[in-house]
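# Examination of the molecular architecture
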Amino acid sequence: MTLLRLHRWLTGLTALVLLALTSPQAHACAVCFGRDQSDQTTAAISMAMLFMLGVVVVVLGSFLIFIGYLMYMSSQADDGMDELAEVAYQANPDGSAA
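Now for a description of the structure that goes with this document. If you're wondering where the values come from, they're calculated on a predicted model, not measured in any experiment. (Residues numbered from 1 in each chain as written. Predicted model: local features only at pLDDT ≥ 70, side-chain atom pairs only at ≥ 80, totals over all residues. Heavy atoms only, no water.)

## What about the overall build of the chain?
- The number of helices and strands found in the chain is 2 helices and 0 strands.
- Among the 98 residues that make up the chain, the fraction classed as buried is 2%.
- Approximately 8600 Å² of the chain is accessible, and the part contributed by carbon and sulfur atoms is 72%. (Helix = DSSP H or I, 4+ residues; strand = E, 2+ residues; numbered from the N terminus. Buried < 20%, exposed > 50% of the residue type's maximum accessible area, 1.4 Å probe, protein only. Areas by Shrake-Rupley, 256 points an atom, 1.4 Å probe, with all protein chains shown as cover.)

See below:
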């Protein structure tokens, strides 16, 4: 048994033991326990989960937009450097210092 397989097996075993030792009330939320959908607590929990999911989507989307912006600005800077290098080469084609 390789070290990686042993690590995965021990991780899985640890997760199962921890799951077995937790109380049954911690295994699921009120929605998963099958409470009445018209109950106010169930509705509040559902809305809270949707809100938290929305926050995660907004934050991750912001990171993606920022990374895209950095890539765009990087490509713009590269284009400017290419033009600058071309002008410098035309001014001094032999590459010697001025």
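The structure having been displayed, the exposition proceeds.
## Focus: helix α1 (residues 3-21)
- The terminal C-alpha atoms of α1 lie 27 Å apart, and with 19 residues this matches the ideal 27 Å at 1.5 Å per residue to within 8%.
- Of all 19 residues that make up α1, 0 are buried, and the element is exposed over most of its length. (Expected span 1.5 Å × (residues − 1).)

Distances and angles like these do not, on their own, reveal function.
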